[in-house]
Amino acid sequence: MNPALLLKLGAVGALVGSAAYVHRRGRVRHPFFRQLTDHSTFFAPLNALVYLASAVPSRPFLDLADFPALAPLRAHWQEIRDEALRLQSEERIRAADGHVDAGFNSFFRRGWKRFYLKWYGEPLASARARCPRTVELVEAIPGVRAAMFALLPPGGTLMAHRDPFAGSIRYHLGLVTPGSDACRIVVDGEPYAWRDGEAVLFDETYVHHAVNQTDTARIILFCDVERPMRWRAAGRLNRWVGDHLMRASRTRNEDGEEIGWVNRAFARVYQVRLVGKRLKAWNRPTYYAVKFALLGGLAWLLLA
């Protein structure tokens, strides 16, 4: 058999095998066809390597005691909250201006809002200027690769999803919360309700969703914390992906701030997506027939 074809078949086999593992990981799963086209499927070969090298347990919620470097955030939560409240009063915690935030674009239509502090690189200029104390605290912890303030309004929801890349662990610190179980996140079927001054750490590559069924907005400090790895080479690979691929999804709080190439491309590709949305609204069977025909054509081209 042609060596090039063997190589392609091996690559397809690795994708299918790792995607099947990601799909079956945990108790809660996407429907098959949703998982088939989900971004976590295309990241599956990389994530499978990350899971293999991970130095933390494979479970939805993790023990904060294993991450002592994060303790200063909780110790100074009231100072962080004060800066978040000032941003909220100035209406700076908000949805993206245009389609320039690919990672969280689908959240905005459900009311979710954010203000970035940093995203796999240097803090944003607007964050240094408007919340210097929070930036100082975040920057003092090398393992925090990304951070933002995230607001979920009354009645807001986040649909069930997996985050695409397993190289980080998600940290939430309650700043302004309803203090009710009706405002919660559910990770692989396990609920957690935010409370002021309390923190939680979870693996965001398990299927999770959130809801705020109260009349009070919820504001948290949201951080991506670098996943500890067993082997130094795996840690270097993980950091390289963060420094190059994840940083490419950088976006802005205010005009003039840098937008990564992923989001610049997404702003253009989204116009095609809008055509798909109109087709889906007109006739769902036709939409799925076209979608899977295109995917099949792409797979054929890769193997041809």
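Computed from a predicted structure; not experimentally measured.

Engineer: Please explain the overall build of the chain as it appears in this structure.
Structural biologist: When helices and strands are counted, the chain shows twelve helices and ten strands. For the chain, with 304 residues in total, the buried portion stands at 46%. Excluding contacts between residues fewer than 6 apart, the proportion of contacts in the chain whose partners are at least 24 apart in sequence is 75%.

Engineer: Just to check I follow, could you spell out the nonpolar core for this structure?
Structural biologist: Counting residues in each nonpolar core, the largest one holds 74 residues, and the members touching the most others are Leu73, Leu117 and Phe149. Per element, the largest residue contribution to this core is eight residues, and it comes from strand β3 (residues 144-152). In this structure, this core is formed jointly by two domains, domain 1 (3-53) and domain 2 (61-259), each of which donates at least three residues. When residues no more than four places from it in sequence are discounted, the contact partners of Leu73 are Ile80, Leu137, Val138, Ile141, Tyr171, Leu173, Leu221 and Cys223.

Engineer: What exactly am I supposed to notice about the sheet that holds strand β6 (residues 183-187) here?
Structural biologist: Two strands in a sheet stick together by hydrogen bonds in their backbones, pointing the same way (parallel) or opposite ways (antiparallel). With respect to topology, four strands assemble into an open sheet ordered β4-β9-β6-β7, the strand pairing being antiparallel. Two strands in the sheet have a free side with no partner beyond their single neighbour: β4 (157-161) and β7 (190-193). Strand after strand, the sheet turns through a mean of 15° between neighbouring axes, direction not considered. Of the pairings in the sheet, the one linking β4 to strand β9 (residues 208-212) comprises three bridges and is antiparallel in character. Note on β9: the bridge partner recorded for Thr157 is Val211.

Engineer: Explain a nonpolar patch on the surface to me, please; I cannot follow it from the model alone.
Structural biologist: The grouping of Leu49, Leu52, Trp231, Leu237 and Trp240 at the surface amounts to a nonpolar patch, some 560 Å² of accessible area in total. Residue assignment for the nonpolar patch shows that the elements contributing at least two residues are α4 (44-53) and α10 (232-246). Mapped onto the elements of the fold, Trp240 is located in helix α10.

Engineer: Sorry, what's going on with unusual backbone geometry here?
Structural biologist: Backbone phi values are negative for most residues with the exception of glycine, while trans is the configuration of most peptide bonds. Notably, Glu91 is not glycine yet its phi reads approximately 60°, a positive angle. Relative to the helices and strands, Glu91 is located in the loop between α6 (77-89) and α7 (105-108). Even without being a glycine, Asp188 presents a positive backbone phi close to 50°. Tracing the chain through its elements places Asp188 in the loop between β6 and β7. Judged by relative accessible area, Asp188 falls into the buried class, the value being 3%.

Engineer: Looking at this structure, I do not really get the pairing of β7. What am I missing?
Structural biologist: Within a regular strand, the side chains alternate between the two sheet faces. Pairing analysis gives four bridges linking β6 to β7, with the strands arranged antiparallel. Counted as the bridge partner of Val187 is Glu190 from β7. The antiparallel hairpin formed by β6 and β7 contains two residues in its connecting segment, where Asp188 sits at a positive phi of about 50°.

Engineer: Which parts of the structure should I look at to understand the pattern of salt bridges?
Structural biologist: For side chains of opposite charge, pairing can occur when their charged atoms come near one another. For the structure on display, the rule yields 24 salt bridges. Arg145 is the partner of Asp243 in a salt bridge, and the nearest nitrogen-oxygen pair spans 2.5 Å. One end of the pair, Asp243, is in helix α10; the other, Arg145, is in strand β3, and 98 residues separate them in sequence. One salt bridge connects Arg239 with Glu226, and the closest N-O pair in it is separated by 2.8 Å.

Engineer: Is there a simple way to think about the packing of α6 against helix α9 (residues 132-139) in this case?
Structural biologist: Packed helices, taken two at a time, are described by their axes: the angle between them and the distance between them. Packing of α6 against α9 brings their axes to within 8 Å, and their N-to-C directions diverge by 135°. Here α6 is positioned oblique relative to α9, judged by the angle of their axes. Handedness of the crossing formed by α6 with α9: left-handed. In this structure, α6 contributes Glu79, Ile80 and Glu83 to the contact, and α9 contributes Pro132, Arg133, Thr134 and Leu137. By residue class, the composition of the contact of α6 with α9 is three nonpolar, one polar and three charged.

Quick notes on the rules
Residues numbered from 1 in each chain as written. Predicted model: local features only at pLDDT ≥ 70, side-chain atom pairs only at ≥ 80, totals over all residues. Heavy atoms only, no water. Helix = DSSP H or I, 4+ residues; strand = E, 2+ residues; numbered from the N terminus. Buried < 20%, exposed > 50% of the residue type's maximum accessible area, 1.4 Å probe, protein only. Contact = heavy atoms within 4.5 Å. Core = buried A, V, L, I, M, F, W, Y, C linked by side-chain atoms within 4.5 Å. Domains from an automatic or database assignment. Pairing = 2+ DSSP bridges. Axes fitted to C-alpha atoms, helices over the stretch in contact; angles between N-to-C directions. Patch = residues over 30% accessible without salt bridge, like charges linked within 9 Å, V, L, I, M, F, W, Y side chains within 5 Å. Areas by Shrake-Rupley, 256 points an atom, 1.4 Å probe, with all protein chains shown as cover. Salt bridge = Lys/Arg side-chain N within 4 Å of Asp/Glu carboxyl O. Parallel < 35°, antiparallel > 145°, perpendicular 65-115°, else oblique. Left-handed = near helix turned anticlockwise from the far one by under 90°. Nonpolar A, V, L, I, M, F, W, Y, C, P; charged D, E, K, R; others polar.

By themselves, these observations are geometric and do not establish any function.
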